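Residue-level structural notes
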Amino acid sequence: MDLKDSLSKFKQQQERCQSSLASIAASASKPKHRAQPVNAPSAPPRPSQPIKFSNDTERLQHINSIRKSPVGAQIKLVIELLYKTRQAFTAEQINETTYVDIHGNKAVFDSLRNNLKVSYDGRRFSYKSKHDLKGKDQLLVLIRKFPEGLAVVEVKDAYPNVLEDLQALKAAGEVWLLSNMDSQEDIVYPNDPKAKIKVDDDLKQLFLGIELPRDMVDIEKELQKNGIKPMTNTAKRRAAAQINGVKPKAKPKKQREITKRTKLTNAHLPELFQNLNT
């Protein structure tokens, strides 16, 4: 009996020890809150993080900045949309795409409706070019209506790839694409298929053998003698340059392939003689 009592007491002691260890472990895992004295200095505040706007807030700010921008800036946004897409948009669709509120701003609506580059049918807005062309065939028909030349600037916004079509027409021999020396702008001329004739070699040599005056002023005088009005006025331009103290720029010499004389004859139309020696 003494042995059994001793074992029983030993087990009870082990259970009490395990219970004590479990309570100690549980208390150690909890965070300890230390009481601060009343007069103790408070901990320095953490630096405030910058406020981050949500995507929706940023979008609203962007919309507000557009609608408060000048009327001209809003008109530019709309015309760029119409020009790039070449589609007709309602005021609501323009608002969804560019955030320009046409119905909510009378000045924007009136300016857009009266703009020369905008067509308005009472419901939809679309881009309006000077010449309504849909492709290369219509472009060629238009060019042939201007035998004295058509400025490229007048058709460059007719449709998206109009400049590529002009180069294609030039490569096919349908048009001449030349630059005006005074205005520095490109002019396109029709190449009339009726004018395609075969020229004898003797006539070519006779044409190439005619020397032109070396001074542009003399060339203009010769044109006037023959009843032809020159497209330039070199004497007037030189006089204006002297008054303003502007020195004429020396033109770099260009190498010509035909003869030494051809650099003084019809130098503004090199394409006409590129195959004369063949």
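Residues numbered from 1 in each chain as written. Predicted model: local features only at pLDDT ≥ 70, side-chain atom pairs only at ≥ 80, totals over all residues. Heavy atoms only, no water.

1. Observations concerning the pairing of strand S6 (residues 186–190)
One face of the sheet, then the other: side chains in a regular strand alternate in exactly this way. Both strand S4 (residues 150–151) and S6 contribute to a ladder of two bridges, which runs antiparallel. Counterpart to Leu150 in the pairing with S6 is Val188. As judged from the five bridges shared by strand S5 (residues 175–179) and S6, these two strands associate in the antiparallel manner. Counted as the bridge partner of Leu178 is Ile187 from S6. (Pairing = 2+ DSSP bridges. Helix = DSSP H or I, 4+ residues; strand = E, 2+ residues; numbered from the N terminus.)

2. Overview of the confidence of the model for the protein chain
Looking at the protein chain as a whole, its pLDDT mean stands at 78, while 67% of the residues score no less than 70. Mean pLDDT across the elements of the protein chain bottoms out in helix H1 (residues 2–29) (65) and peaks in strand S1 (residues 89–90) (94). (pLDDT = per-residue confidence, 0-100.)

3. Things to note about the sheet that holds strand S3 (residues 124–127)
Here we have three strands laid out as an open sheet, ordered S1-S3-S2, and antiparallel in their pairing. The strands lining the two open edges of the sheet, one partner per strand, are S1 and strand S2 (118–120). Both S2 and S3 contribute to a ladder of three bridges, which runs antiparallel. Bridging across to S3, Val118 finds its partner in Tyr127. Strands in contact with helix H3 (residues 71–85) are S1, S2 and S3; relative to S3, the strand with the most contacts, it is inclined by about 70 degrees. (Contact = heavy atoms within 4.5 Å. Axes fitted to C-alpha atoms, helices over the stretch in contact; angles between N-to-C directions.)

4. Some points on helix H4 (residues 91–98)
Within H4, burial applies to Ala91, Ile94 and Thr98. In a view along the axis of H4, the buried residues occupy a sector of 60 degrees, so they form one face of it. (Buried < 20%, exposed > 50% of the residue type's maximum accessible area, 1.4 Å probe, protein only. Arc of directions from axis to C-beta.)

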